[in-house]
Structures are given as structure tokens and as C-alpha cells.
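This is what each chain is made of:
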Amino acid sequence: MSLADIGDSAEKRMVYCVALAAFFFQFESFMVVVALPDMAREMHSSAHAVSYVVSGLLLGLVCALVCASWLGQRFGFSRLFLTGTYIATVATFTCAVAPTLSVLIGCRMVQGIGIGAIVASSYALLPLWVKADRLGWAFGMLSIGAGAGMVLGVPIGGLISSWLEWRWLFFGTIPFLLGLALFSHFSMPPDKPCIRSLSDILTLKDILKFPNFATGLLVLFVFQGIMGGLRFLIPFLLESQNKLSTTMSSLIFLSYPLGFLLLSSWAGRQADTHPPRRLMLHASFLSLIACLLYVLLLDVWGMWHFVVFLLLLGSATGLFTAPNNVAIIRGLSASEIQVGSALIPIALNLSVMFGTFSFGILSTQNDPRVALTACIGAFVCVILLIKLRSSWL
């Protein structure tokens, strides 16, 4: 079977399968993030210690992404996708029965390896099997799946952590993973005919030949790292500053994924017809304004102000993501895009891991001004970096 031979129904099944995988990743991630304060209390741990529950997953995910290109060539990307679902399912069960925080962090690393295999093969399968005139639709479905996972993960995570033990965050996702594995068996295309040459290795020297590519990855790392750190920190601020329950704080946190869904699809379409640099600048200024408002209004910051703050941050993330991807790959040849695009999820997850770890340390200061001041300085640096790249048209 070749790319030309695949039918529309088979193509759609594969895309829906990939979108479901994106849904699970974001659903589980956001569900755990909003439950972190309760997990810390139940395990008698600090916010910094429990932050490794997130960082451990991201570390395993990045390790899998680094090896995924070679594994996909050798064993096939469809097989890699299926293997990732099996690993994630087993690791999720071990997370649920972990007796200590240290064991849970180790199991999360293994879970991250499985999810990383799924993510990496998804990025490869779409351009391999989806027709060029429908590729935008396919990536749009991927974003919709991820956004829906964010929206549902936040309130469900809050409800589970309020009424049940933290272990049910993982027990509850096992049936979904089993369903994803079953659906994958009937949806993934055969491997051998669809493998294309990915033997060209994009080294650091090669990356530096393309200033837009290197700067785009740097901007992505800083921007998404801040957002990842804030997503970790906000549930703790909601509960400590406003004395809210986990359920109520999770409902307020829902403003972030709603803002993301509000602008992400629109920004993707705009990036095809408008300069990505302008959209990225707007996103960075919007984030800067949100953080400045937080610092200026900290003493009077109430529940509804948090809704505005999170809505602005989510909208900025949605406005930034697709244009940044366009800016990174613009100017690369087809073979370079195929290899270089693998670095985008690596940089993204490294940045979130770094941001979560950094904000976990900043949370020990017990003063949100410290973290927000760092965010303001970082967003100023992002704006300057984007302005320097006048070639992002």
C-alpha cells in the first residue's frame, strides 16, 4: 500500500487515532497538574518535591523523542505507536500502585517513555500518510484533540483529587489507554511501505546555518518553559492565596485551556497568510501584560482576577504555538523539515520540564512576586529575540 492507495476512510481513522493520543497526553497531564497540591498533602511532601511527578514524565518523554527517529526507521512508526501505548498502559498501572513518591516518579519516567514514543510516531505518521492538501486539517485535528484533553483534564482532575485518593488519577486512565491500543490495531497503516528516508542527521552545526530555525527553537524553549512553570505554580497559588478547594481551583484553571482553544485554530490559519513574527509578538506582549497585571494587582487579586489572568495566558499560548512552528521550519527544504521537525517536540517538552523544575524551586520562596518577576524578564527577552528576527515574514 502506498500513500496514493490509502482511502479517505483509512486516512481519517489514522488521524482520529493520533488525535485521541494527543487528547490522552494533555488530559492526563492537566489532570495531574491541578491535583498536585492534594498529592503533596497526601504524600506529606513539599511543592518542590512533588514537581518531580511532572518533571519525571517529561524526562522520559524527551529521552524517547531523542531515540524515536532511529527506532521508527528500524521498526516502523506504526509499530512504535502501538508499543508506546503498551508501555504507557503498564507504566500508568504501576504509577497507580506506587507505594512512595520516589517510586511514583520512577514510574512516571517510564510512562513518559511510552508517551514519547506515541508523540514522536504521531508527528511522523501524519506527513507520511496524509495527503498534502489535507495535512493542515490533520494537524488541526491534533490540536483539537490536545485542546479537548486540556479542557476535560482540569475539572476531572479536580474532582478526583477532591473525592478520591490520588491513585485514581492513574487508575481512571487505564481503560482509555486500552481502548486506544485496540483502536490503533485497526487504524494504523502497515509500516514497511510508508517508511521514507530519514537518514540525514541535522547536527548542531547544521542548525546554526539557519538562524530562523535556531532562534525559533530558542524562543519556543523560553516561552513554553514559562507557560509550563506557570501551569505548575497556579494551582498552588489558587489554594494558598484564596483558600479555595481543589474542585473550585480546577474550575478556575479551566480558563487556561479555554483560552488556548479560543485562539489556537485561528492562529494556525492566520500563520499561513500573515507574518508569524507579528503573531508571536502579539502573544508575547499579551503574556507580558498578564504577568504585569498580576504583580500590580497582587494584593487585591481575587478569584475572578485569576480567571482573567489564566484566560490571557491560555490565549497567548494558542496565539503563539502554530506561528512559532511555521517560523521554525520556514526556509528549510523538504528533507530538512522532515528531520528538523522532530526537534520541535523535543524542545517543547524540555522547556516544560525545565520550567516546572525552576518554578518548583521558586515556589519555596513563598512569594509569587519572585516567580512573576522572573516571567516578566523572560517575556521581555522573548520579545527582543523575535524583533531581532526581522526575516520571519
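Bear in mind the structure is a predicted one, so any value in this text is a computation, not a measurement.

About the criteria used
- Residues numbered from 1 in each chain as written.
- Predicted model: local features only at pLDDT ≥ 70, side-chain atom pairs only at ≥ 80, totals over all residues.
- Heavy atoms only, no water.
- Helix = DSSP H or I, 4+ residues; strand = E, 2+ residues; numbered from the N terminus.
- Buried < 20%, exposed > 50% of the residue type's maximum accessible area, 1.4 Å probe, protein only.
- Contact = heavy atoms within 4.5 Å.
- Salt bridge = Lys/Arg side-chain N within 4 Å of Asp/Glu carboxyl O.
- pLDDT = per-residue confidence, 0-100.
- Phe/Tyr/Trp six-rings, centres within 6.5 Å; stacked < 30°, edge-to-face > 60°.
- Patch = residues over 30% accessible without salt bridge, like charges linked within 9 Å, V, L, I, M, F, W, Y side chains within 5 Å.
- Areas by Shrake-Rupley, 256 points an atom, 1.4 Å probe, with all protein chains shown as cover.
- Axes fitted to C-alpha atoms, helices over the stretch in contact; angles between N-to-C directions.
- Parallel < 35°, antiparallel > 145°, perpendicular 65-115°, else oblique.
- Left-handed = near helix turned anticlockwise from the far one by under 90°.
- Nonpolar A, V, L, I, M, F, W, Y, C, P; charged D, E, K, R; others polar.

Draft legend 1. Main features of the overall build of the chain. On a plain count of helices and strands, the chain comes out with 17 helices and 0 strands. The buried share among the 393 residues of the chain stands at 55%. By sequence separation, contacts in the chain at least 24 residues apart represent 88% of the contacts at least 6 residues apart.

Draft legend 2. Main features of the pattern of salt bridges. Taken as a whole and assessed by the stated rule, the structure comprises 3 salt bridges. A salt bridge links Glu28 to Arg108, with the nearest nitrogen and oxygen atoms 2.9 Å apart. Of this pair, Glu28 sits in helix α1 (residues 8-42) while Arg108 sits in helix α5 (residues 101-129), placing them 80 residues apart in sequence. Accessibility classification places Glu28 together with Arg108 in one group, the buried group. The salt bridge involving Arg41 is made with Asp38; its shortest N-O contact spans 2.0 Å. In this pair, Arg41 and Asp38 both sit in helix α1, 3 residues apart, roughly one turn of the helix. Overall, the relative accessible area of 45% leaves Arg41 in the partly exposed class. Residue class for Asp38 comes out buried when judged on its relative accessible area of 9%.

Draft legend 3. Layout of the confidence of the model for the chain. Per-residue pLDDT for the chain has a mean of 80; in total, 81% of the residues score no lower than 70. With pLDDT under 50 throughout, residues 1-5 is counted as low confidence; its partners more than four residues away or in other chains account for 9 contacts. For residues 193-201, every residue scores under 50 in pLDDT, and the model assigns this stretch 20 contacts once sequence neighbours within four places are set aside.

Draft legend 4. Spatial organisation of the packing of aromatic side chains. Tallied over the entire structure, the rule returns 14 aromatic pairs. Aromatic pair Trp168 and Phe171: ring centres 5.2 Å apart, planes at 55°, arrangement tilted. Pair noted here: Trp168 and Phe171 are both in helix α7 (residues 168-171), with a separation of 3 residues, about one helical turn. Under the relative-accessibility criterion, Phe171 is labelled partly exposed at 25%. Within the aromatic cluster, the residues linked to one another by ring pairs are Phe23, Phe24, Phe27 and Phe176.

Draft legend 5. Focus on a nonpolar patch on the surface. Where nonpolar side chains cluster on the molecular surface, the patch consists of Ile289, Leu292, Leu293, Leu296 and Leu297 and spans about 430 Å² of accessible area. Summarising the element assignment, Leu293 is placed in helix α13 (residues 276-296). Of the residues examined, Leu293 reaches a relative accessible area of 34% and is grouped as partly exposed.

Draft legend 6. Examining the packing of helix α4 (residues 77-96) against helix α8 (residues 174-187) more closely. Between α4 and α8, the shortest axis-to-axis distance is 9 Å and the interhelical angle comes to 165°. Relative to α8, the element α4 is oriented roughly antiparallel. Where α4 crosses over α8, the two elements pack in a sense that is left-handed. Residues Phe81, Leu82, Thr85, Tyr86, Ala88, Thr89, Thr92 and Phe93 of α4 lie in contact with α8, whose contacting residues are Ile174, Leu177, Leu178, Leu180, Ala181, Ser184 and His185. Grouping the amino acids of the contact of α4 with α8 by side-chain chemistry returns 10 nonpolar, 5 polar and no charged.

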